[in-house]
2 protein chains.
Amino acid sequence: MEQELIEKFTKIVGVGHAITDQVLIAPYLLEERGLFHGKTPLLLRPSSTAEVSSIMQLASQTRTSIVPQGGNTGLVGGQQPDESGSSVVLSMERLNKVRCLNLEGNFAVVEAGVILQDLQKKADESDRFFPLSLASEGSCQIGGNLSSNAGGTAVLAYGNMRELCLGLEVVLPDGRILDDLRFVKKDNSGYDLKNLFIGAEGTLGVITAAVLKLFPKPKGQAVALVGLCSPAKALKLLSLAQCYGGGMLTGFELMGKLSLQMALDYKMCERSPLEHEHEWYVLIHISSLKGEDEALTVLSIILEESLHEAVIEDAVVAQSLKQQDFFWQLRETISSAQKLAGGSIKHDIAVPLTSIPNFISEAADIVEEISPGARVVCFGHMGDGNLHYNITQPIGADSEVFLQLWSRMNQSIHSLVMHYQGAFSAEHGIGQLKRRELRTFKSPVALEIMQGIKKALDPLGIMNPGKIL
Amino acid sequence: MEQELIEKFTKIVGVGHAITDQVLIAPYLLEERGLFHGKTPLLLRPSSTAEVSSIMQLASQTRTSIVPQGGNTGLVGGQQPDESGSSVVLSMERLNKVRCLNLEGNFAVVEAGVILQDLQKKADESDRFFPLSLASEGSCQIGGNLSSNAGGTAVLAYGNMRELCLGLEVVLPDGRILDDLRFVKKDNSGYDLKNLFIGAEGTLGVITAAVLKLFPKPKGQAVALVGLCSPAKALKLLSLAQCYGGGMLTGFELMGKLSLQMALDYKMCERSPLEHEHEWYVLIHISSLKGEDEALTVLSIILEESLHEAVIEDAVVAQSLKQQDFFWQLRETISSAQKLAGGSIKHDIAVPLTSIPNFISEAADIVEEISPGARVVCFGHMGDGNLHYNITQPIGADSEVFLQLWSRMNQSIHSLVMHYQGAFSAEHGIGQLKRRELRTFKSPVALEIMQGIKKALDPLGIMNPGKIL
């Protein structure tokens, strides 16, 4: 990249925020799993929508490609530049203001660079609740959450980021600013642009701000860890939990035996919260707007009924907030714990709820056929039909040899998913990692429409190139 | 239109379903309010997605414009051809199969021409619930509901049509078929095409089928009609109802004094269900998955608390299913009742909940200034911030003279709506009626993006021309 261009970009954000020093840039290029090794000559840290607009104007005039980046926690390489070193990385970290917190109206206007946990805290301090919750909430940013249509553990009751957003502010690839910061739930005035930018992984524009919904803060929580013998039983438990819990059921996470064991080992726990070992576990979370008593009562009814009907084998209710946190930590650390067991091949899939038992059984056969001895670490947001179906290498196997099976394994598991009319990327998106998958499994007509939209909004192809399409 | 072309279209659907007889066509051109007087030489009634595809192929080869039509109940002229007589009307009435009803998975695959009430009944017979509900449910069709992103009375608890749909099948303007009939809630594989076609009013393609969510059937209902003194009090009541009712609050409809009086007159009721007259009324609907007892208990708590805190003046709880229906009929007949009182100028707006009291007060001043003596008939889905803010002519005024104020009134009321960051078309869409409004109030950048999308998907401009853009 020519020095002159770098200087022009620098003028927009100020010397301190246009970074060319590769040591300082390095953390932005670090990709958690080590799958992508992007390069960039320049990192820009704008502090306002106007600056982002100027950057995109200059970028389109000079056909410079731009890679927007939030907290750099995405799992498919969507936030990483490619290896050509010709893209500028646009960090949104300084657009981090909560512009407005409307408590009566239960919404907040939030800039893209606000860290999810900061918004959660801000809502909490105001006796409100922002429900999006995921393992990376301490560092991921709202803009990334929107661009990837983040899901997480509260989707069951509150929906994905798509459902949590009322309106957007977006800078288009040519610098125009779309101000669609609506404060209302219902708006049928023309095409749904909001949902087009949400989940587009920064390939159609840069989300700079959003209107997000806030909710009444639940006043009481109850959490249980349940042991049961099969996914089919877990499905019955879900049905009971929905019947007795209704909207109070805010979490329903499935964990296979190995998932929980890995998490317990990682946490250096000598024993499980449950007395005996079970083939499968479910974490149930009940939230009440009234208080802990109601939450505990509802949870007890669900558990008693499930025991009575032999749906579950055992259950333990968290006795303190600390223990509630611990149960959740077990669930949240599975990914990290899995790393210690060697190479793993991952799937982020969704199938219709009723197909989960068959899927899990048939997928296990596929795994065993492709890599005898490989260990299935299956867990996830069962209430949404969304499983993280991960495969850890056989004990003692060569990690690199195992990882060479990645695309064959993906291909087979995803074929099974598509057989059930499911999704081969339920919540992590496409990025760079699943582009081939998209070409293989998405209908050609859907791809053509996406390409048409991309061309209409980003005719020069400068917006996060090489991602999704 | 040349006879040869008519014959080609006829070949696709069969002689009995290509109609050129203007007497038979007339009902399809009848527009409820008499605002639009479209013409067409040909009405096609295909019976399959393949036929729709062939029709669109021929249409694009011959540059023939096509106007898809559902139950012809839309309120903005979106389903009507223009007066040039050059468009073919495509009635979806024969694509009326429920392709699949998956009770365990709680979803249905439904063709576009299925009548909403038929789907409601089918779900009900299977102990399930399809929540979309609106005044025209006996004749409106699922395809139209999707194309207009229909709202109605259950949005508060279940969302708009957008939220009720998991996936779509769409025939594109050139005849290609997009099969995006997903069965899962979470799918982050590329741009959100589903939400692009939903609410596009048939200008981007023809929706031929959809996967729709079903819900557990509520086992008990409780409905009350409440009298109170102001919209501010209604807002407090909503807050209490949400606090004590949570997800069980499935309806919250505001009605001004005049709205209810007109409905009572229309129903030829001598007296209101409430003993005294009030300035404002609210219909509260509570649904319970457990049974009527729970619904009544929750409703009682809400009403007692509201009386205790002087939020409401009086309330009557429906004593039978028949009376519940009657309360709802009062609400649903306001539009019809209003017709008897002369000309009316309508608005379908949304403002943030907390702005509703100010909006109603300021809008009344605007109405009085533009048309002294005009009567405000304000009612609607207050729980969603969505009001049908209609103005009936002054008593004894000349209806035509009054209706000449339509665009001036719209302009002023919609300006006020936009001041509150609201929506000038909350649920009825744009169609032909609100195109000028769209150009006036939508941001130019949003319009440019919409035009770009339209051009990408329908480069020949044959798909429902003259609507939205």
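Per chain, residue numbering runs from 1 following the sequence as it is written. Chain letters start at A and ligand numbers start at 1, both assigned in the order the entries are written. Reporting of local features is limited, given that this is a predicted model, to residues whose pLDDT is at least 70; pairs of side-chain atoms are given and counted only at 80 or more, and all residues count toward the totals for whole chains, interfaces and linings. Each side-chain value is derived from all of the structure's non-hydrogen atoms; neither hydrogens nor water enter the calculation.

Per an unreviewed UniProt entry, chain A is named FAD-binding PCMH-type domain-containing protein, and its organism is Bartonella birtlesii LL-WM9. What UniProt records for chain A under Cofactor (unreviewed entry) is the sentence "FAD". UniProt positions are given in the numbering used here, feature names are shortened, and annotations may be inferred rather than shown by experiment.

On to the pattern of salt bridges, then. When a carboxyl oxygen of Asp or Glu lies within 4 Å of a side-chain nitrogen of Lys or Arg, that pair is called a salt bridge. One pass over the structure, following the stated rule, counts 42 salt bridges over all chains. A salt bridge links Glu448 of chain B to Arg176 of chain A, with the shortest nitrogen-to-oxygen separation between them at 2.3 Å. Highlighted residues: Glu448 of chain B in helix α18 (residues 444-457) and Arg176 of chain A in the loop between β8 (165-171) and β9 (177-180), drawn from two different chains. Between buried and exposed lies partly exposed: a residue is buried under 20% and exposed over 50% of the maximum accessible area for its type, with that area taken using a 1.4 Å probe on protein chains only. Given a relative accessible area of 30%, Arg176 of chain A falls into the partly exposed group. The closest approach of N and O atoms between Glu4 of chain B and Lys8 of chain B, which form a salt bridge, is 4.0 Å. Highlighted residues: Glu4 of chain B and Lys8 of chain B, both in helix α1 (residues 3-13), separated by four residues, approximately one helical turn. Given a relative accessible area of 43%, Lys8 of chain B falls into the partly exposed group. Numbering of helices and strands starts at the N terminus; helices are DSSP runs of H or I of at least 4 residues and strands are runs of E of at least 2.

Further remarks concern the relation of the copies chain B and chain A. Between the two copies, chain B and chain A, the superposition gives an RMSD of 0.0 Å; the rotation angle is 180 degrees and the shift along the axis is 0.0 Å. The transformation relating the two chain copies, once decomposed into turn and shift, fits a two-fold axis. Both copies share a contact surface, since 99% of the interface residues of chain B are interface residues in chain A too. The superposition of copies rests on a least-squares fit of C-alpha positions from residues with pLDDT of 70 or more in both. The contact rule is simple, with two residues in contact once any of their heavy atoms fall within 4.5 Å.

The next point concerns the UniProt feature "domain: FAD-binding PCMH-type" (unreviewed entry) in chain A. On the UniProt side, "domain: FAD-binding PCMH-type" (unreviewed entry) is annotated at positions that read residues 36-217 of chain A here. From the first C-alpha to the last, residues 36-217 of chain A spans 39 Å; its make-up is 24% helix and 25% strand.

This part covers the side chain of Thr64 of chain B. Residue and element names in this part refer to chain B. Position of Thr64 relative to the elements: it lies in the loop between α3 (49-62) and β3 (65-69). Polar contacts here mean pairs of N or O atoms no more than 3.5 Å apart (in protein, one a potential hydrogen donor and the other a potential acceptor; neighbouring residues in sequence count only if both atoms are side-chain atoms). Of the polar contacts made by the side chain of Thr64, one reaches the side chain of Thr62; its length is 2.6 Å. When sequence neighbours within four positions are dropped, the list of residues in contact with Thr64 reads Met1, Leu5, Phe9, Ala59, Ser86, Val88 and Ile462.

For an interface, size is often stated in terms of accessible area lost upon the parts coming together. Taken together, the contact between chain B and chain A spans 77 residues of the former and 76 residues of the latter. Carbon and sulfur atoms make up 60% of the area that chain B and chain A hide from each other, which totals about 5,700 Å². Here the buried area means the combined drop in accessible surface, using a 1.4 Å probe, for two parts upon being joined, counting both sides. Counting the surface chain B buries against chain A, the share from its top three residues, Lys186, Asn188 and Tyr191 of chain B, is 18%. Summed over the shared surface of chain B and chain A, the result is 10 salt bridges. Among the ionic pairs, Asp384 of chain A bridges to Lys186 of chain B, the shortest N-O distance being 3.5 Å. Counting across the interface, chain B meets chain A through 30 residue pairs in polar contact (both at pLDDT 80 or more). Elements with a contribution of two residues or more to the side of chain B that touches chain A: α6 (155-158), β9 (177-180), α8 (193-197), α9 (231-245) and α18 of chain B. Among the elements that take part in the side of chain B that touches chain A, α18 of chain B stands out by supplying 10 residues, more than any other. Only Asp, Glu, Lys and Arg are considered charged in this grouping, and only Ala, Val, Leu, Ile, Met, Phe, Trp, Tyr, Cys and Pro are considered nonpolar; every other residue, Gly among them, is considered polar. Along the lines of polarity and charge, the residues of the side of chain B that touches chain A split into 37 nonpolar, 24 polar and 16 charged.

Here we come to a negative patch on the surface. All names here are of chain A. For patch detection, residues must exceed 30% relative accessible area and be free of salt bridges, and they are connected within 9 Å for like charges or within 5 Å for nonpolar side chains (Val, Leu, Ile, Met, Phe, Trp, Tyr). Using the Shrake-Rupley algorithm and a 1.4 Å probe, accessible areas are obtained, with residue cover drawn only from the displayed protein chains. The sign given to each residue is positive for Lys and Arg and negative for Asp and Glu; His and the chain ends receive no count. Just so you know, the charge point we use is NZ for Lys, CZ for Arg, CG for Asp and CD for Glu. Together, Glu362, Asp365, Glu368 and Glu369 make up a region of like negative charge exposed at the surface. Mapped onto the elements, Glu369 comes out in helix α14 (residues 356-370). Under the relative-accessibility criterion, Glu369 is labelled exposed at 65%.

On to the state of the cysteines, then. Residues and elements named next belong to chain A. Disulfides are defined as pairs of cysteine sulfur atoms found within 2.5 Å of each other. Summed over all chains, the structure comprises zero disulfides over all chains. Of all cysteine sulfurs in the structure, the one in Cys100 sits closest to Cys165, which takes part in no disulfide; the separation is 14 Å. On the basis of relative accessibility, which here comes to 1%, the residue Cys165 falls in the buried class.

All names here are of chain A. By the assigned domains, chain A splits into domain 1 (3-91), domain 2 (98-216), domain 3 (220-322) and domain 4 (341-420). Residue ranges assigned to the domains are those given by an automatic or database domain assignment. Taking only C-alpha atoms into account, the centre of domain 3 sits 24 Å from that of domain 4. With 14 residues of domain 3 at the interface, the matching set in domain 4 holds 17 residues. Contact between domain 3 and domain 4 buries roughly 1,200 Å² in total, counting both sides, with carbon and sulfur atoms accounting for 75%.

In this section: helix α18 (residues 444-457) of chain A. Counted at 1.5 Å a residue, the expected span for α18 of chain A with its 14 residues is 20 Å, and the 20 Å between its end C-alpha atoms agrees. Among all positions of α18 of chain A, only Val445, Ala446, Leu447, Ile449, Met450, Ile453, Lys454 and Leu457 of chain A are buried. For α18 of chain A, the secondary structure elements touched by its buried residues are α8 (193-197) and α17 (435-441) of chain A together with β9, α8 and α18 of chain B. How far a helix is expected to stretch is found by multiplying one less than its residue total by 1.5 Å.

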